[in-house]
Amino acid sequence: MAAIEIKNLWKEYGQDVVLERLNASVEEGEFVTVVGASGCGKTTFLKMMLGTESPTRGELLLDGKPIPDEPDETRGIVFQRYSVLPHLTAVENVMLAGELESSPWLGRVFGAKRRALREQAEEMLASVGLDQALRKYPHELSGGMQQRLALAQALIKKPRILLLDEPFGALDPGIRRDMHELVLDLWREQDLTVFMITHDLAEGFFLGTRMWVFDKERLDPQTPGSYGARITYDLPVGNSDKGTLQSISQSVDSTARVLSA
Ligand SMILES: Nc1ncnc2c1ncn2[C@@H]1O[C@H](COP(=O)(O)OP(=O)(O)O)[C@@H](O)[C@H]1O
Ligand SMILES: [Mg+2]
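Because the structure is a prediction, the values reported are computed rather than measured. (Residues numbered from 1 in each chain as written. Chains lettered and ligands numbered in written order. Predicted model: local features only at pLDDT ≥ 70, side-chain atom pairs only at ≥ 80, totals over all residues. Heavy atoms only, no water.)

K.L.:
What is the right way to read the packing of aromatic side chains from this model?
P.N.:
Pairs of aromatic rings are described using the distance from one ring centre to the other and the angle between the two planes. Tallying each qualifying case throughout the model produces five aromatic pairs. Feature note: the residues Phe45, Phe195, Trp212 and Phe214 constitute an aromatic cluster, connected by ring pairs. (Phe/Tyr/Trp six-rings, centres within 6.5 Å; stacked < 30°, edge-to-face > 60°.)

As structure tokens, then:
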């Protein structure tokens, strides 16, 4: 049995169909990159993986059971921006999950327990290259460093699944390359299964072991909500030729034009 199974999955908001008939199996350890026109339901899919949105039809299974319908320690997430809390230092941001777990009301623990959490947080921050920034606040960090911090925060509970929603979309190209190395290192070292949304096809090809293209097979320009997006390409990355890349890019662009009209 695959770790994650997606069976005839639909998501609708009222009359609007966002996603329809998604089917796929994902093995532990895969790195799935997701591309598609803006507005076609990529974030919605990630939210269903996280458990903050539920499918309206079909099944989303983790080890054969419905994926928990609220976030828990099996899944970590990083957004493009604002994943971390501005009023906490780097180390405090990373300690927070452990503090809330031990003390849901106060969100603070003391003594030996606190020292242990701090040590784990410092180790995690070192593994994302932030050992020199433990006591800095998010606004004192560069964009790349803030995303390193968000990764540390997402990974502190040792999740099996890491969900990334355009995490490097706001970063300069040079910084983005460093982040690519980091995310590949973390994926390998921490035995993660990764789902990463990106608007950059090249990034999707470079990072993933597998790439999904979300696109609407049927599109009525008068009522774009009549049909949802599906997984129109499911590619083992690395084996795709230039022609395939070009046709993906054209199809995504034409859907994008309709959705943004
Ligand atoms: N909570 C919501 N209620 C109603 N519509 C929503 C909600 N969240 C997202 N949508 C709609 O679902 C569609 C897909 O959104 P989203 O998943 O954010 O797309 P993407 O991440 O691919 O850009 C959009 O048309 C958006 O307006
Ligand atoms: Mg999105």
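Next comes the rest of the description.
K.L.:
Just to check I follow, could you spell out the nonpolar core for this structure?
P.N.:
Where a protein is soluble and globular, its nonpolar side chains tend to be buried together. Leu125, Val128 and Leu151 are the most contacted members of the largest nonpolar core, which totals 38 residues. Two domains each provide a minimum of three residues to this core, namely domain 1 (1–74 + 159–231) and domain 2 (86–157). Every residue in contact with Val128, bar those within four places of it in the chain, is listed here: Arg148, Leu151, Ala152, Leu182 and Leu186. With 29 residues, the next largest nonpolar core counts Ile6, Val32, Leu46 and Met48 among its residues. (Core = buried A, V, L, I, M, F, W, Y, C linked by side-chain atoms within 4.5 Å. Buried < 20%, exposed > 50% of the residue type's maximum accessible area, 1.4 Å probe, protein only. Domains from an automatic or database assignment. Contact = heavy atoms within 4.5 Å.)

K.L.:
Mind showing me how you'd approach the site of ligand 1 here?
P.N.:
In the vicinity of ligand 1, the contacting residues are Tyr13, Val18, Ala37, Ser38, Gly39, Cys40, Gly41, Lys42, Thr43 and Thr44. Backbone polar atom of Cys40 to an oxygen atom of ligand 1: 3.3 Å apart, as the coordinates give it. At 2.8 Å, a side-chain N or O of Lys42 approaches an oxygen atom of ligand 1. Protein chains bury 55% of the 560 Å² of accessible surface belonging to ligand 1 in isolation. (Near = heavy atom within 4 Å. Polar contact = N/O pair within 3.5 Å; in protein donor to acceptor, adjacent residues only side chain to side chain. Areas by Shrake-Rupley, 256 points an atom, 1.4 Å probe, with all protein chains shown as cover.)

K.L.:
Even after reading the chapter, I still don't get the pairing of strand β1 (residues 4–13), so can you show me in this structure?
P.N.:
Taken residue by residue, a regular strand's side chains alternate between the two faces of the sheet. Within β1, seven of the ten residues are buried, which leaves it mostly tucked inside the rest of the structure. Alignment of β1 against strand β2 (residues 16–26), held across seven bridges, turns out to be antiparallel. Bridge pairing in β2 links Lys11 to Leu19. Where β1 folds back on β2, the antiparallel hairpin that results is connected by two residues, among which Gly14 adopts a positive phi of roughly 55 degrees. (Helix = DSSP H or I, 4+ residues; strand = E, 2+ residues; numbered from the N terminus. Pairing = 2+ DSSP bridges.)

K.L.:
What is the right way to look at empty space enclosed by the protein in this model?
P.N.:
Gaps between atoms show up when a probe of the same size as a water molecule is rolled over them. Across all of its chains, the model carries one cavity of 30 Å³ or more by this definition. A volume near 40 Å³ is recorded for the largest cavity. Surrounding the largest cavity, Glu166, Phe168, Gly169, Arg176, Ile197, Thr198, His199, Asp200 and Glu203 form its lining. The class makeup of the residues in the lining of the largest cavity is two nonpolar, three polar and four charged. (1 Å grid on protein atoms, 1.4 Å probe; cavity = no way out; pocket = protein on both sides within 12 Å on 5 of 7 lines; lining within 4 Å. Points joined across faces, edges and corners; volume = space filled by probe spheres on them. Nonpolar A, V, L, I, M, F, W, Y, C, P; charged D, E, K, R; others polar.)

K.L.:
What am I meant to see in unusual backbone geometry here?
P.N.:
Most peptide bonds are trans, and most residues other than glycine sit at a negative phi. Unusually for a residue other than glycine, Asp63 sits at a positive phi of about 50 degrees. Secondary-structure assignment places Asp63 in the loop between β4 (57–62) and β5 (65–66). According to the relative accessible area criterion, Asp63 is partly exposed, its value standing at 33%. The phi torsion at Tyr82 lies on the positive side, around 60 degrees, for a residue other than glycine. Summarising the element assignment, Tyr82 is placed in the loop between β6 (75–78) and α2 (90–102).

K.L.:
Explain the side chain of Glu203 to me, please; I cannot follow it from the model alone.
P.N.:
Looking at the element boundaries, Glu203 is found in helix α6 (residues 201–207). For the buried residue Glu203, which engages in no salt bridge, the nearest side chain bearing the opposite charge is Arg176, 4.6 Å off. When near neighbours in sequence (up to four residues on either side) are disregarded, Glu203 contacts Phe168, Arg176, His180, Met196 and Thr198. (Lys, Arg positive; Asp, Glu negative; His and termini not counted. Salt bridge = Lys/Arg side-chain N within 4 Å of Asp/Glu carboxyl O.)

K.L.:
Looking at this structure, how should I read the pattern of salt bridges?
P.N.:
Once the charged atoms of two side chains with opposite charge are near each other, the side chains can pair. Counted by the stated rule, this structure contains 16 salt bridges. Among the ionic pairs, Asp234 bridges to Arg210, the shortest N-O distance being 2.8 Å. With Asp234 in strand β10 (residues 229–236) and Arg210 in strand β9 (residues 210–216), this residue pair connects regions lying 24 residues apart in the sequence. Residues Arg230 and Glu217 are paired through a salt bridge, measuring 3.4 Å at the closest nitrogen-oxygen approach. Residue Arg230 is found in strand β10, and its partner Glu217 is found in the loop between β9 and β10; the two are separated by 13 residues along the sequence. Residue Arg230 is classed as buried on the basis of its relative accessible area of 18%. By sharing partners, the salt bridges in this structure join Glu20, Arg21, Glu217, Arg218 and Arg230 into a single network.

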